[in-house]
Amino acid sequence: MEVTKFGVVGAGQMGNGIAHVAALAGLEVVLSDVAEGVLQKAMATIAKNMDRQVAKGTVSAAQKDEALARITTTTSLEAFAGCQLVVEAVVEDFAVKAEVFRKLDGLLPESAILASNTSSISITKLAGVTGRPDRFIGMHFFNPVPVMQLVEIVRGIATSAETFQTVEALAKRMGKTPVEVNDFPGFVSNRVLMPMINEAIYAVYEGVATPEAVDAVMKLGMNHPMGPLQLADFIGLDTCLAILKVLYEGFGDPKYRPCPLLVKMVDAGWLGRKSGRGFYQYNQ
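Residues numbered from 1 in each chain as written. Predicted model: local features only at pLDDT ≥ 70, side-chain atom pairs only at ≥ 80, totals over all residues. Heavy atoms only, no water.

Per an unreviewed UniProt entry, the protein goes by 3-hydroxybutyryl-CoA dehydrogenase and derives from Thermoanaerobaculum aquaticum. In its Sequence similarities (unreviewed entry) section, the UniProt entry covering the protein states "Belongs to the 3-hydroxyacyl-CoA dehydrogenase family." (UniProt positions renumbered as here; feature names shortened; annotations may be inferred.)

Printed below as a string of structure tokens:
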């Protein structure tokens, strides 16, 4: 199946990035969120990020204008009725995602594919709330979406080969490198990444070192471009905690237990870069 009309539910940092790359790939894009103000902010972010690409010479001014014109914003899920594929990019919470998919399942054509940008929640479980588990898949982009090349394509237990092939081809059309993984908690990326971040938080919690020292060791000693605590702030500490909870519950292994310091920081509203404070302070 060829995808020409593409939907994105959720216009936050991931959703607007997905809409950005889809529009530049020539797709007609429908981008939704619950508030008009969020959509206006998303379009401003997309335009700003495309301006950066124009300045670098990777995108022409004409391509930018054409891509922006291909994006339609809406606060109504009914606008997705003509889409061949819709990606959900809302908060990392099963109940919220499930409600979105129940509604989309009743609105989209029978042939349409539903995809989730979840970073850890079971694709099989999400597919189970719909009547199309064979046309349900994980399409896990990475932040910032216009820059990062990887898309983890996650197959649920019932995902068909045709669905996988359609999504794989679409990811390549968006200029991404798709990597196939199967449905386990955290998939590959966060199953490996989050325990490292959690252990870095434990090093601070136990007084082994400061956040700056932990990050310096990993950058200078392990050649990481960004330290794990700076990265956690960038991802969002609430998102890191949600993913660790999925890993802990999914595997029942204490090695995934979230560090108490992470829990306390999220309770305090110290969510990282987006809230202005996490392991580091940020200017809003």
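Okay, the UniProt feature "site: Important for catalytic activity" (unreviewed entry) in the protein next. Sequence positions flagged by UniProt for "site: Important for catalytic activity" (unreviewed entry) are, in local numbering, H140. By the element assignment, H140 lies in strand β6 (residues 136-141). Contact partners of H140, with chain neighbours within four places excluded, come to S116, N117, T118, S119, L150, V151, E152, F187, S189 and N190. Engagement of the side chain of H140 in a polar contact is seen with the side chain of E152, the distance being 2.8 Å. (Helix = DSSP H or I, 4+ residues; strand = E, 2+ residues; numbered from the N terminus. Contact = heavy atoms within 4.5 Å. Polar contact = N/O pair within 3.5 Å; in protein donor to acceptor, adjacent residues only side chain to side chain.)

This brings us to helix α3 (residues 61-69). Among the residues of α3, those classed as buried are K64, A67 and L68. With its buried residues spanning 95° around the axis, α3 presents them on a single face. Tucked inside the fold, the buried residues of α3 contact α1 (13-24), α2 (36-56) and β3 (71-74). (Buried < 20%, exposed > 50% of the residue type's maximum accessible area, 1.4 Å probe, protein only. Arc of directions from axis to C-beta.)

Annotation of the protein at the domain level lists domain 1 (5-182) and domain 2 (190-274). Taken together, the eight residues of domain 1 in the interface contact six residues of domain 2. Counting each side, the surface lost to burial between domain 1 and domain 2 is near 530 Å², with a carbon and sulfur contribution of 57%. The interface formed by domain 1 and domain 2 includes zero salt bridges. Taken together, the links from domain 1 to domain 2 amount to one residue pair in polar contact (both at pLDDT 80 or more). (Domains from an automatic or database assignment. Buried area = accessible area lost by both parts, 1.4 Å probe. Salt bridge = Lys/Arg side-chain N within 4 Å of Asp/Glu carboxyl O.)

Once that is clear, we can look at the packing of helix α7 (residues 189-205) against helix α9 (residues 228-235). Running from amino to carboxyl end, α7 crosses α9 at an angle of 115°, the nearest separation of the two axes being 9 Å. The orientation of α7 with respect to α9, classified from their angle, is roughly perpendicular. Between α7 and α9 the crossing geometry is left-handed. Of α9, the residues touching α7 (which contributes L193, M194, M196, I197, A200, I201 and V204) are P228, L229, L231, A232 and I235. Counted by class, the contact of α7 with α9 contains twelve nonpolar, no polar and no charged residues. (Axes fitted to C-alpha atoms, helices over the stretch in contact; angles between N-to-C directions. Parallel < 35°, antiparallel > 145°, perpendicular 65-115°, else oblique. Left-handed = near helix turned anticlockwise from the far one by under 90°. Nonpolar A, V, L, I, M, F, W, Y, C, P; charged D, E, K, R; others polar.)

This paragraph deals with the packing of aromatic side chains. Under the counting rule described, the total for this entry stands at three aromatic pairs. Arranged with centres 6.2 Å apart and planes meeting at 70°, the rings of Y202 and Y205 form a pair that is edge-to-face. Of this pair, Y202 and Y205 both sit in helix α7, three residues apart, roughly one helical turn. Given the relative accessible area of 46%, Y205 is considered partly exposed. Arranged with centres 5.3 Å apart and planes meeting at 25°, the rings of F251 and Y256 form a pair that is stacked. Residue F251 is classed as partly exposed on the basis of its relative accessible area, which comes to 28%. In this structure, K125 packs its charged tip against the face of F94, placed 4.5 Å from the ring centre. The residue whose ring lies beneath R277 is W270, and the NZ or CZ to ring-centre distance is 3.6 Å. (Phe/Tyr/Trp six-rings, centres within 6.5 Å; stacked < 30°, edge-to-face > 60°. Lys NZ or Arg CZ within 6 Å of the ring centre and 35° of its normal.)

Regular strands have side chains that alternate between both faces of the sheet. Of all six residues in β6, six are buried; the element is thus mostly enclosed. What you see with β6 is no split at all: F136, G138 and H140 on one side and I137, M139 and F141 on the other are buried throughout. Note: β6 against strand β7 (residues 150-155), five bridges, orientation antiparallel. Bridging across to β7, G138 finds its partner in V154. (Pairing = 2+ DSSP bridges.)

Next up on the list: the UniProt feature "binding site: NAD(+)" (unreviewed entry) in the protein. Sequence positions flagged by UniProt for "binding site: NAD(+)" (unreviewed entry) are, in local numbering, G10, A11, G12, Q13, M14, G15, D33, E92, K97, S119, N143 and K274. Of the annotated positions mentioned, E92 line the second largest pocket. Mapping D33 onto the fold places it in the loop between β2 (28-32) and α2. Residue classification places D33 among the buried positions, given a relative accessible area of 18%. Beyond its immediate chain neighbours, meaning those up to four positions away, D33 contacts G10, A11, G12, V38, L39, T74 and T75. At a separation of 2.7 Å, a polar atom in the side chain of D33 contacts the main-chain amide nitrogen of A11. Among the structural elements, K274 can be located in the segment after α11 (260-267). A polar atom in the side chain of K274 sits 2.9 Å from the side chain of D238. (1 Å grid on protein atoms, 1.4 Å probe; cavity = no way out; pocket = protein on both sides within 12 Å on 5 of 7 lines; lining within 4 Å.)

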